[in-house]
Amino acid sequence: MSDETTPMPHERGGTDKQPASSDVAKPARGGQGIGEVKGVHAASLIPEPKNAVEALVAPVAGFGVTMATLFKPVVTEQYPREKAPVEPRYHGRHQLNRYPDGLEKCIGCELCAWACPADAIYVEGASNTPEAQYSPGERYGRVYQINYLRCIFCGLCIEACPTRALTMTNEFELADQTREKLIFTKDDLLAPLREGMLAAPHPMAEGTTDGSYYQGEVTGPTADEVEWVRRNRPDEPSLESATAAAKRGSARSEGSAGAAS
Amino acid sequence: MTTTATPKPGTPAEVEGIAVTIDGVEVTVPKGTLIIRAAEQIGIQIPRFCDHPLLKPAGACRQCLVMVATPDREGNVREMPKPQASCTMEVSPGMVVSTQRTSEVADKAQHGVMELLLINHPLDCPVCDKGGECPLQNQAMSNGRTNSRFTDVKRTYPKPVKISTEILLDRDRCILCQRCTRFQAEIPGDPFIDLQGRGGGAPGGADHGMLPQQIGAYDEGVLGFAGIDGEVREAAETGQMVGPNGDPALLSGIAYTVGTAELDATGRPFASYFSGNTIQICPVGALTSATYRFRSRPFDLVSTESIAEHDASGSAIRIDHRRGVVLRRLAGDDPAVNEEWITDKDRFAFTWQALPDVIQTPLVRDEETGELVAASWSEAIALAARGLAQAADDGGVGVLPGGRLTLEDAYAWSKFARVVLGTNDVDFRARANSPEEAEFLGHAVAGVSMDVTFAGLESAPHVLLVGLEPEDEAGTIFLRLRKAVLAGRTSVSTLAPFATRGSTKVRAALVTTEPGAEATTLAAIAAGTGDHAELAESLRAEGAVILVGERLAQVPGGLTAVLELAKATGARLAWVPRRAGDRGAVEVGLLPGLLPGGRPVTDAEARVDVASAWGLDADAALPGEIGRDHAAILADAGSGELAGLLLGGIDIEDLPGAGESERAVREAGFVVQLEVRTSALSRYADVVLPVAPPTMKAGTFLNWEGRPRPFGQVFATSARSDAQVLDMLAEGMGVDLGTGSLEAVHRELSELAAWDGARQPAPAVEPSPAPVPSAGEHTVATWRLMLDAARGQDGEPYLAGTAHRPVVRVSPGTASSQGVADGDRLTVVGPLGSVTLPVLVTPMPDHVVWLPLHSPGSSLYRMLGVGSGGSVRLASAERATNGEVIR
Ligand code: SF4
Ligand code: SF4
Ligand code: FES
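Going along each chain's sequence as written, the residues are numbered from 1 onward. The lettering of chains begins at A and the numbering of ligands begins at 1, in the order of writing. Thresholds applied to this predicted model are a pLDDT of at least 70 for local features of residues and 80 or more for the giving and counting of side-chain atom pairs; totals over whole chains, interfaces and linings are not thresholded and use all residues. Only hydrogens and water are set aside; all other atoms, that is, all heavy atoms of the structure, feed into the side-chain values.

Turning our attention to the overall build of chain A. Secondary structure is summarised from DSSP: a helix means a run of H or I of at least four residues, a strand means a run of E of at least two, and numbering begins at the N terminus for each. Along its length, chain A carries 9 helices and 5 strands. Listed by position from the N terminus, the elements making up chain A come as α-α-α-β-α-β-β-α-β-β-α-α-α-α. Residue exposure (1.4 Å probe, protein chains only): buried if accessible area is under 20% of the type maximum, exposed if over 50%, otherwise partly exposed. Looking at chain A as a whole, 37% of its 261 residues qualify as buried. Residues are treated as being in contact if the distance between any of their heavy atoms lies within 4.5 Å. Within chain A, contacts between residues separated by at least 24 positions form 71% of all contacts whose residues are at least 6 apart in sequence. What sets the accessible areas is the Shrake-Rupley method with a 1.4 Å probe; for residues, cover comes only from the shown protein chains. Split by element, the accessible area of chain A, about 16,500 Å² in all, is 56% carbon and sulfur.

Below, the discussion takes up the side chain of Thr304 of chain B. Residue and element names in this part refer to chain B. Within the fold, Thr304 resides in strand S12 (residues 302–307). For Thr304, a relative accessible area of 12% puts it in the buried group. What Thr304 contacts, discounting residues up to four positions off in sequence, is Ile317, Arg318, Ile319, His321, Gly712, Gln713 and Val714.

Take the packing of aromatic side chains next. Here a pair means two rings of Phe, Tyr or Trp (six-membered ring of Trp) with centres within 6.5 Å. Their orientation is stacked below 30 degrees between planes, edge-to-face above 60, and tilted elsewhere. Counted by the stated rule, this structure contains 15 aromatic pairs over all chains. Taking 6.3 Å as the distance between ring centres and 65 degrees as the angle between the ring planes, the aromatic pair formed by Tyr411 of chain B and Trp614 of chain B counts as edge-to-face. Taken together, the residues Tyr411 of chain B in helix H9 (residues 407–420) and Trp614 of chain B in the loop between helix H19 (604–613) and helix H20 (630–639) connect sequence positions 203 residues apart. Note on Phe454 of chain B and Trp704 of chain B: the rings are 5.2 Å apart at their centroids and 80 degrees apart in plane angle, and the pair reads as edge-to-face. Placement of the pair is Phe454 of chain B in helix H11 (residues 454–459) and Trp704 of chain B in the loop between strand S28 (699–702) and strand S29 (708–711), with a sequence separation of 250 residues. Of the aromatic side chains, those joined through ring pairs into one cluster are Tyr79, Tyr90 and Phe172 of chain A.

The next point concerns the environment of Val576 of chain B. As for its position among the elements, Val576 of chain B is in strand S22 (residues 572–576). Since its relative accessible area comes to 2%, Val576 of chain B is described here as buried.

That bond from Tyr79 of chain A to Pro80 of chain A is cis: its omega, 5 degrees, falls within 30 degrees of zero. Relative to the helices and strands, Pro80 of chain A resides in the loop between helix H3 (64–70) and strand S1 (94–96). In this chain, Ala200 of chain A is followed by Pro201 of chain A through a cis amide linkage whose omega measures 5 degrees. Of note, Pro201 of chain A is situated in the loop between helix H6 (186–189) and helix H7 (210–214). For Arg62 of chain B, which is not glycine, the phi dihedral falls at a positive 65 degrees.

Turning our attention to the interface of chain B and chain A. Between chain B and chain A, the contact holds 27 residues from the first and 26 residues from the second. Any Lys or Arg side-chain nitrogen found within 4 Å of a carboxyl oxygen on Asp or Glu counts as a salt bridge. Seen at the junction of chain B and chain A, the total is 3 salt bridges. Nitrogen and oxygen atoms within 3.5 Å of one another constitute a polar contact, given that in protein one can donate a hydrogen and the other can accept it, and given that sequence-neighbouring residues count only through two side-chain atoms. Taken together, chain B and chain A are joined by 4 residue pairs in polar contact (both at pLDDT 80 or more). Here the residues of the side of chain B that touches chain A are counted per class, giving 10 nonpolar, 8 polar and 9 charged. When residue character is reported, Ala, Val, Leu, Ile, Met, Phe, Trp, Tyr, Cys and Pro are called nonpolar, Asp, Glu, Lys and Arg charged, and the others, Gly included, polar.

Residues and elements named next belong to chain B. Taking 1.5 Å of rise per residue, the 12 residues of helix H17 (residues 558–569) would be expected to cover 16 Å, and the 16 Å separating its terminal C-alpha atoms lies within 8% of that figure. Along H17, 9 of the 12 residues are buried, which leaves the element largely enclosed by surrounding structure. Within the sequence span of H17, burial applies to Gly558, Leu559, Thr560, Ala561, Val562, Leu563, Leu565, Ala566 and Thr569. Looking at the buried residues of H17, the elements they touch are helix H10 (435–445), strand S18 (462–466), helix H15 (518–527), helix H16 (533–540), strand S21 (545–549) and S22. Backbone geometry just downstream of H17 places Gly570 in the positive-phi region, at approximately 80 degrees. To estimate the expected span of a helix, subtract one from its residue number and multiply by 1.5 Å.

Helix length check: H9 of chain B, at 14 residues, gives a terminal C-alpha distance of 19 Å against a target of 20 Å (1.5 Å per residue), a fit within 8%. Trailing H9 of chain B by a residue or two, Gly422 of chain B shows a phi angle of about 60 degrees, which is positive.

On to the environment of Ala432 of chain B, then. Residue and element names in this part refer to chain B. Position of Ala432 relative to the elements: it lies in the loop between H9 and H10. Taking relative accessible area as the criterion, Ala432 reaches 11% and is therefore assigned buried. Distance in space between the C-alpha atoms of Ala432 and Arg809 is 22 Å, their sequence separation being 377 residues. For Ala432, the residues in contact, after removing those within four places along its chain, are Gln554, Asp654, Pro656 and Tyr861.

All names here are of chain B. We call a set of buried Ala, Val, Leu, Ile, Met, Phe, Trp, Tyr and Cys residues a nonpolar core when their side-chain atoms join them within 4.5 Å. One finds Leu457, Ile477, Leu547 and Trp704 to be the most contacted residues of the largest nonpolar core, which totals 93 residues. The contact partners of Leu457, leaving out residues within four places of it in the chain, are Val452, Val463, Ile477, Ala484, Thr490, Val545, Leu547 and Trp704. With 86 residues, the next largest nonpolar core counts Ala438, Leu559, Ala611 and Leu622 among its residues.

All names here are of chain B. Looking at the secondary structure, you find Arg599 in strand S24 (residues 599–600). Sequence separation of Arg599 and Trp755 is 156 residues, and the distance between their C-alpha atoms is 6.6 Å. Excluding residues within four positions of it along the chain, Arg599 makes contact with Gly593, Leu594, Ala606, Asp609, Val610, Leu752, Ala753, Ala754 and Trp755. At 3.0 Å, the side chain of Arg599 and the side chain of Asp609 are in polar contact.

Next up on the list: the pattern of salt bridges. All names here are of chain B. For the structure shown, the criterion picks out 63 salt bridges over all chains. The closest approach of N and O atoms between Glu115 and Arg145, which form a salt bridge, is 3.7 Å. Taken together, the residues Glu115 in helix H2 (residues 104–119) and Arg145 in the loop between helix H3 (135–143) and strand S7 (161–162) connect sequence positions 30 residues apart. For Arg293, the salt bridge identified is with Asp170, shortest N-O distance 3.3 Å. Of this pair, Arg293 sits in the loop between strand S11 (287–289) and S12 while Asp170 sits in the loop between strand S8 (167–169) and helix H4 (179–186), and the two are 123 residues apart along the sequence. Like Asp170, Arg293 is buried. In the salt-bridge network here, residues are joined through shared partners; they are Asp427, Arg429, Arg431, Glu437, Glu550 and Asp582.

All names here are of chain B. Orientation is described by axes fitted as lines to C-alpha atoms, over the contacting stretch for helices, and by angles from 0 to 180 degrees between their N-to-C directions. At their nearest, the axes of H10 and H17 sit 9 Å apart, and the two run at 30 degrees to each other. The angle between H10 and H17 places the two elements in the roughly parallel class. Touching Glu436, Glu437, Phe440, His443 and Ala444 of H10 are Gly558, Leu559, Thr560, Val562 and Leu563, all from H17. Grouping the constituent residues of the contact of H10 with H17 by class yields 5 nonpolar, 3 polar and 2 charged. Working definition: roughly parallel below 35 degrees, roughly antiparallel above 145 degrees, roughly perpendicular at 65 to 115 degrees, and oblique for all remaining angles.

Residues and elements named next belong to chain B. Summarising the element assignment, Arg579 is placed in the loop between S22 and helix H18 (582–587). Within the local environment of Arg579, its side chain forms a polar contact with the backbone oxygen of Ala430, the two atoms lying 3.4 Å apart. Those residues in contact with Arg579 that lie beyond four places of it in its chain are Asp311, Ala312, Gly403, Arg404, Ala430, Asp654 and Arg784.

Right, let's talk about the confidence of the model for chain A for a bit. All names here are of chain A. Overall, the prediction assigns chain A a mean pLDDT of 83, with 79% of residues at 70 or greater. This stretch, residues 1–31, has a pLDDT under 50; its non-local contacts, to residues over four places away or in other chains, come to 25 contacts. pLDDT expresses, on a scale from 0 to 100, how confident the predictor is about each individual residue. Within the model, pLDDT remains below 50 along residues 257–261, and this stretch shows 0 contacts once partners closer than five positions in the same chain are excluded.

Residue and element names in this part refer to chain B. Pairing between strands requires that DSSP locate at least two bridges from one strand to the other. Taken together, 3 strands build an open sheet; the order of strands is S7-S8-S11 and the sheet is antiparallel. The open sheet has two edge strands, S7 and S11, and neither has a second partner. The pairing of S7 with S8 spans 2 bridges and is classified as antiparallel. From the neighbouring strand, Val161 faces S8, where its bridge partner is Leu169.

Below, the discussion takes up the confidence of the model for chain B. Residue and element names in this part refer to chain B. Per-residue confidence for chain B gives a mean pLDDT of 88, with 89% of residues at or over 70. Under a pLDDT of 50 for its full length, residues 219–239 has, in the predicted model, 66 contacts with residues more than four places off or in other chains. Residue range residues 252–264 is modelled with pLDDT below 50. Its contacts to residues more than four positions away, or to other chains, number 45 contacts. Here the predicted complex carries an ipTM of 0.84, next to a pTM of 0.87.

Glancing now at the state of the cysteines. In this description, the term disulfide denotes a pair of cysteine sulfurs within 2.5 Å. Applying the stated criterion across every chain, the model contains 0 disulfides over all chains. Not engaged in a disulfide, the cysteine Cys112 of chain A finds its nearest cysteine sulfur in Cys109 of chain A; these two sulfurs lie 6.2 Å apart.

Moving on: a nonpolar patch on the surface. Residue and element names in this part refer to chain A. Together, Val53, Leu56, Val57, Val60, Phe63, Met67, Leu70 and Phe71 make up an exposed nonpolar region whose accessible area comes to about 910 Å². Residue assignment for the nonpolar patch shows that the elements contributing at least two residues are helix H2 (52–61) and H3. In terms of residue count, the dominant contributor to the nonpolar patch is H2 (4 residues). Residue placement: Leu56 occurs in helix H2. Patch membership requires over 30% relative accessible area and the absence of a salt bridge. Like charges are linked within 9 Å, and nonpolar side chains (Val, Leu, Ile, Met, Phe, Trp, Tyr) within 5 Å.

This brings us to the sheet that holds strand S27 (residues 687–690) of chain B. The strands making up a sheet associate through backbone hydrogen bonding, with each pair oriented either parallel or antiparallel. Residues and elements named next belong to chain B. Ordered by their spatial adjacency, 6 strands build an open sheet running S16-S15-S27-S26-S25-S17, and the pairing between neighbours is mixed. Pairing within the sheet leaves two strands with one partner each, and these edge strands are strand S16 (372–374) and strand S17 (397–400). Each strand of the sheet is rotated relative to its neighbour by a mean of 15 degrees, with strand direction disregarded. Two strands pair when backbone bridges link them, and strand S15 (residues 363–365) and S27 are joined in this way by 2 bridges, in the antiparallel orientation. Bridging from a neighbouring strand, Leu363 pairs with Val688 of S27.

Written out as structure tokens, the structure reads:
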């Protein structure tokens, strides 16, 4: 603000609520308060009433907006008693997605961490092994953390993600009391298993490549995958629904094979 | 980085200058300069992949195309019709070069090459270790098209191929620049991978009998040799990684049968001690290391320049760490020392500094249980100080600091022994040694710096190796010698029982010498008689060098003879120890007869000199008698004559008579140990004080040349260096040692540097003839392999997998008299026990057997009870089962 006499926006019209003199408003510590303009007397800024009518309504003119608003519909959000809906592409908490057979999409490439302007993401990759395969291909994200004290919800990370593993949900209630609780780990971020998904680790569907997964050719767990998990982790809770899904899947592919011939 | 190149320093002045014009800028460069280097000198970067300043030009990738015009016979400057590879063409007078900056044709050509390179290049960047530091990524951005016109299916390969346990190859990322194969063939001479096949191959999944051009290992899976049972092995279950199809990673390449390939002497496909360098120079992510695979991105890493701690070469390295964990080490670029290469041990063996057995707090013995328990620093220091003071009064304390200390730490040990404990009973040589060696070190090594250097080796007309196997014991020396030999400047000869692969690669003339006969052979060479006349002559040439390894100390009279040979021929002499701290330890006087700077303890003037530097008043303050050496210290501590021991990083397996030494430490009175990790000796210590590993302190190693190699601290921790711990300990004993900071130590070291007084006299030990084994006995020849059972390699299984397999070498005569052939197992019996290893028949003297000193299954001091020159019997030959090869 180059012009010394221009009032700061917050001072304008503030006369009916508080003492108008900026001298009075000056903080006790003696120096000039932040945002204050030196040498301006707010009282001198109120325009003089031009005629009698104006002079008559002047004392209540300030209530004009209040009066008019009384008869308009209320826009106050009742949050947190009522949750407000957000736009569909709202940038909320992140989610790490899965392929339909339950394998994770994240390959631990760290491109999200690289893209992040706030340095909120921490990733460590690792090798899949035949004994423990978490994602299609060779590499998976072993450690995945997002620090929501740093995240500015810009969405650059989800644009950087080459496998569409990282997306953003509409969840925005991310307040908490401790720092630790606001660092979300892979467990917190991983999408829940949907009906029919088989929890990783398990091998890829037979005869597929990571490319087939990416192109959507894998539509659910196969009988072999289910069998593998049954052998290695008999207590896996997702087995039941995955077994059913695998049956449906094979019936469908047989059906389509039949239709084709 | 891999794409930058600097002109070689020190171009001789007499080389003719040639004026050329590059992008309108005139520059004069020495004759023979490549266009790409000349352009660098004026700050013009031409994109490149295969070009590497330390490798011969290849012109393999064609990325560096530029337009070149030269004057014709009439002097008209005429442009060549097609772009030329600037990395293979030397400048000529009047040449006019237009790079991509000024020539549209060159720019278009480079874009075309880049497009071709990317046609079959996978979209692997997100899962590729090179992503973020990839010359292909970078140059595709700077000199490539923004989008691809290629719409077909890319060619793919099954991957990753394991070339060795440490090195993985993703062939579809390879751009066939051949840096890796050229490095392996030219620099260390281990061509264990090579270019195979021809043409472009077929799209992913297609199957035909053609072998597309690719890099592959000499491995049975690739080349179809070593058919153990006539079968060529294919993908092997390794349980470690998966390929993109979810298949287990390939142990070796796919089974295209091309022909048979060479095996290395131990019956395995070639591995190399230097293979890690290929990962670093690969301009794409085709070669990756199993250890670092998928571990991080360049932007995660914090880099620290450092010096490798595994041998006495002092190689420059870069340590990359992420969140308190070292993830990889790379070769630094130091033209004067290691150029751009390091050994695999220097590159991969770093996990030992962060294993669970690293000591975190001081440990003291619990009075009731007798167990070591954690204690506070003040408690432990007080206890150690009290015990050491008592022991010093009761009979003295022996000081065994070990050979892995930095110069500063070694100095603190030396000063502590003299000032606080008032003793000369100090010896760093935790290995086979002799009093003769101590004299030799005082006479010819201490205080002599930079007499023989790496550059000196490169320009020496002849280098004689005595008791030294550079490939195993000082890898950087091996590379330099090979470079010099290939350049035709240098010839090498070696005193050894047989021609090793290492000496073959430096084309060394073998002077067959059985263990123990070195002294007499050296004397014969000095006399220049008979067979040795020629060798003596080449040692007389100006600049000739004798490199003597620490192993010669085991031969009585050997070091005396080598000094005489040097005197007789005028050849320069350099001592090459194995450990990083040995040379520095000599310099600061960690020997019973030596004070810092090569001052003899017996010299009153020298003592006064040191005493005044240390601020002590009378010369009586420093003991003037030569102290006990390593063996005597241990023996007297065991018998109780010495009342205490102060131990540094000593591995009991390194000591001849390992069992006896261990017993001595157990029997010793009061034992204080300063160690990074708990060791076998910790269980006999009364107080264990943790000291910082190299990543947690700064310091300096002196390499074999005597060149100071300072390094910085990687991690900021509260770990204390030896010098700081000894400073605290001294304080506890009421002495101000003044070694608490590097600055203080450096100040004192510079005060103590120059000693021009008398040196310790040369050793004079009569050469004893080689021991002649009685009938049925054999003499042991042995040394340590680079990759063996060393504690420094702990926690690194991928590296261990590339080690040479332990074998026992016998002569053809011995083999036939024992009735064994290659691959059979032979038992070698010594006084303490036996070692059984596969046989490798090697041309060598009949009554000599060779086996590694400290490899898995072959730790001679403990298992046999003998070392080099000892007598053993051969027993119970076990025939290899039908067709078995050593694997
Ligand atoms: S080599 Fe370079 S360009 Fe090729 S996949 Fe790896 S990072 Fe990407
Ligand atoms: S593996 Fe790397 S260094 Fe070797 S030829 Fe291929 S791209 Fe070049
Ligand atoms: S850099 Fe010149 S052809 Fe490769």
